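So you can see what is in the structure, the chains are spelled out below.
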Amino acid sequence: MVVAVGKRVLDSGWIAARSTEVKLTGIQLTTTNPPSVGPKSPWMEAVVPGSVLATLVKNKVVPDPFYGLENEAILDIADSGRDYYTYWFFTTFDCKLSANQFLDLNFRGVNYSAEVYLNGHQKLLPKGMFRRHSLDVTSILNSEGSNLLAVLVHPPDHPGKIPPEGGQGGDHEIGKDVTTQYVEGWDWICPIRDRNTGIWDEVSILVTGPVKIIDPHLVSTFYDNYTRVYLEAAVELENRSSTVAGCTVNIQVTTELEGDVCLVEHLQTQYLAIAAGKCVKYTFPQLFFYKPNLWWPNGMGKQALYNVTITANIEGHGESDTWNQLFGFRKIESSIDKNTGGRLFRVNGKPIFIRGGNWIVSDGLLRLSRKRYETDIKFHADMNFNMIRCWGGGVAERPDFYHYCDIYGILVWQEFWITGDVDGRGVPVSNPNGPLDHDLFLFCARDTVKLLRNHPSLALWVGGNEQVPPPDINNALKKDLQLMPHFQTVIEGDKKLPVSTALCDYLDGTRIYIQGSMWDGFADGQGNFTDGPYEIQYPESFFKDDFYKYGFNPEVGSVGMPVAATIRATMPIEGWQIPLFNKVADGYVEEVPNPIWTYHKYIPYSKPGKVHDQILLYSLPTDLDDFCLKAQLVNYIQYRALLEGYSSHMWSKYTGVLIWKNQNPWTGLRGQFYDHLLDQTAGFYGCRSAAEPLHVQLNLATYFIEVVNTLPNDLSDVAIEASVWDLEGTSPYYKVYEDLSIPSKKTTRVAEMKYPKCKNPKPAYFLLLKLYNKSDYSILSRNFYWLHLPGGDYKSLEPFRKKKIPLKLTTQTFISGTTYEMEVLVQNRSKKPDPSRHLTDQNNFITKIQHKAAGDDYDANSELQPALTNPQENERGFFRSLSRIFFSETDGNSMRVCEVNGSDIGVAFFIHFSVHAANAKYQEGEDTRILPVHYSDNYFSLVPGEQMRIKLSFEVPPGVTPRVTLHGWNYPGGHAVHH
């Protein structure tokens, strides 16, 4: 069958074998002796994209390196030699071309170099992990049957050795190559034995006609306060035929209205004559848009995306090639703020307070997929983050990663492949001259820019982590990434038409390049080691003026213990032992973890000499479940306080903060808000609370109530309700602060909390803050604290666990295929408080907050999404096409109702849901969790009479029935909510 113009991804049917076990040549494998999987064959099913190690794990040739201490049982490349991890990959494909069609075989990422054989013909893929390879295989294609493709992949040239003491980047040899550096191990990950060798990104075939479209470049410029917008597009066109091609080039810009209905915003056509064998650069005339929908970061508005399609049609042939990209109209600027010294970002002219974190890679074995990327990025949006920093020791992230950042509104700081530890500042001091081949580094950097530059989420380029590239590389990047004139200064009120620039002369031109992560508005701005700290802190420390003295902290980290189920799923029983708590000088405690936790880089919850153990504040843990639950309490407090502390000083001291780090590419025990199995820690929801665009909080250093308003509009006619609850279920303190005016883009100090300064305060108590509209008591922000007296602890919470607080849960479930959407109304049914005092117990959260900046109309249609809604449903509208509603026990309205009995009065504390496979035949200790699950909130608490709606969304494997379980401080055994 003749194939149509377009791309086909080769992501299935791959097999692989170690090169030393294959006695045939590449020519033989792709002609007379194609391989197959069999009992005596060295060939096995392969993971593509993925690393060699991913293939070995899949086939159980080696144990899972992320389980327990199994990585120690896998031979390291330093001991085996490079040939041991040099692997053949093989697949087949069919493709029949018509006259004047061409076929490219494309590799979007290979680590580190490769030999390609197709139907007995050899092609070479040069060195470099971060470069694309495109091979014209038209002349060697078998159009009458299967095409045999074999790829021999070689590891990095300098895989290095792992010193006995470990260290940051091992012996630093990996820095001699243009590849990822974390693979020699770091203080947060074990060494990756194959150094990520493999076909690690997409492989595809592309059918075109005589003319091929190469690397279009889209740039939008803005005038008259963003009401007039011009889109400029440049493209390379290559004529691969032997005759002149009469080429009609079209650009079309559409926007989706509803469902499959699209509105064509622009359609422009241009005729070109392209000489045989020539490649020409062409820039379309500018396309004018009046008040287009703008793309905004998460928390500032909608992520409006337009579909840009460029098509080349050839006289006498028809469609020759087509290219499309989701594109967002937005302008990102940054400068060093005079007040704070930190780098201040503006999007579409509006300042944005950066709250986000650091990212390594989705998976340490490079098992990358769109599905996992979507979960990763949606998790960041769920936390109300607005920036991810792609750390320089990791990878140049893939287009799929950026696609979901575009969808969910996450700005991206993309670093190139330089780190201080490996490139000149490590212990021992490493080579300061970077990779051996500087030209290769620059080639990879330029190719990466071309690959990613059209994504609206991409905010800035950075030369390296805690280091700048060598001078020649740094200077070349500065030149290559210089800004176009329009992006060098803020243009206000310019009424003139835009001045055309030679777009083809710019590699990017729209994003700033910063030479290193601690330079030019980050950390101290001078490159000194002034990021961090990376350990447990007292919660109140984050609010103090002396905690961090620079305006933008690119790395600040802390603990990251996952839930007990993850420990059991990723470690043998020896790893279930909790730390010893050894007393040391001055009353401090040193945690001594078991060897498996040490190997998985556990960060203690104490810092002798600085911070008393935060888990022991709740009493000595008795077992793994108790330890992990108390760790979640600390995780929530720690990370909420971190972000609230920085937000407390928004614009007065800080312009942004990035947490080290958001996730782990393996089963590590530090610096994460969700684990490698995709289950969230309580710190996830502490961040979600603290980073909401409009937020009421308690300054833990001053005990003043504050409101953080990152919105562009002032708030009026709002009030704050502050209620204190003791462990007996009474409210000894209640106060409403009325007639408040909250200015935009500012943190406002409202009033000092008088409790616990009053008589007879309780040693541990709960504080509930609610910011609400006075007109209808709708909730704008809700924040629940558990607190103790100065110098005290939470030990009185231990007997409180025995209280049985009654709950009522009303559940409605929507099912579409394997996707479940649930809404659970959770009600604390213990004695209701005085209704004249507590008027907000229904927790009716604002669903949309319209905002319009004074004097502006460009964002009149933008919306701030609330805490309990999903801000990005332009890819999947779960509730729009539901196949059926699940009906079970009902309460008169097709709802399932269950009750958790109890006779005590009090706060239902630290409630959290989990979803499991309802399989009666699972073995004891088996991990029955269904992951991932997206929750609108979790690890929440309800005071007497209060209720909260929680939304869950998840997918279940075919044939599996999910069971939703509720746990909590007062509900240790768990209660089935739905099955």
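The structure presented is a predicted model; accordingly, all values stated were derived computationally and were not measured.

With that settled, consider helix H12 (residues 682-690). For H12, the tally of buried residues reaches nine of nine residues, placing the bulk of the element in the interior. Of all the residues in H12, the buried ones are Ala682, Gly683, Phe684, Tyr685, Gly686, Cys687, Arg688, Ser689 and Ala690. With a side-chain oxygen lying 3.2 Å from the backbone nitrogen of Gly683, the N-terminal cap of H12 falls on Thr681.

A few words on the UniProt feature "domain: Beta-mannosidase-like galactose-binding" (unreviewed entry) in the protein chain. The residues that UniProt annotates with the feature "domain: Beta-mannosidase-like galactose-binding" (unreviewed entry) are residues 41-200. End C-alpha atoms of residues 41-200 are separated by 24 Å, and the span's content is 7% helix alongside 28% strand.

Attention shifts here to the pattern of salt bridges. Considering all chains together, one arrives at 44 salt bridges under this definition. Lys176 is the partner of Glu173 in a salt bridge, and the nearest nitrogen-oxygen pair spans 3.0 Å. Two residues, Arg446 and Asp480, come together in a salt bridge whose shortest N-O distance is 2.6 Å. Placement of Arg446 in helix H7 (residues 438-452) and of Asp480 in helix H8 (residues 471-480) is noted, with a sequence separation of 34 residues between them. Note on Asp480: relative accessible area 19%, which makes it buried. One salt-bridge network, in which partners are shared between bridges, spans Lys7, Arg108, Asp201, Glu202 and Arg398.

Taking every second residue as pointing to the same face, the buried face of strand E9 (residues 133-136) carries His133 and Leu135, while none of Ser134 and Asp136 on the other face is buried. Relative to E9, strand E5 (residues 102-107) is paired through four bridges, and the arrangement is antiparallel. Its bridge partner lying in E9, Phe107 is registered against His133.

Attention now moves to the side chain of His172. Tracing the sequence through the fold places His172 in the loop between strand E10 (146-154) and strand E11 (198-199). For His172, a relative accessible area of 8% gives the class buried. For His172, the side chain forms a polar contact with the main-chain oxygen of Gln168, separated by 3.2 Å. When sequence neighbours within four positions are dropped, the list of residues in contact with His172 reads Glu184, Asp421, Val422, Gly426, Val427, Pro428 and Ser430.

Conventions adopted
Residues numbered from 1 in each chain as written. Predicted model: local features only at pLDDT ≥ 70, side-chain atom pairs only at ≥ 80, totals over all residues. Heavy atoms only, no water. Buried < 20%, exposed > 50% of the residue type's maximum accessible area, 1.4 Å probe, protein only. Helix = DSSP H or I, 4+ residues; strand = E, 2+ residues; numbered from the N terminus. Polar contact = N/O pair within 3.5 Å; in protein donor to acceptor, adjacent residues only side chain to side chain. UniProt positions renumbered as here; feature names shortened; annotations may be inferred. Salt bridge = Lys/Arg side-chain N within 4 Å of Asp/Glu carboxyl O. Pairing = 2+ DSSP bridges. Contact = heavy atoms within 4.5 Å.

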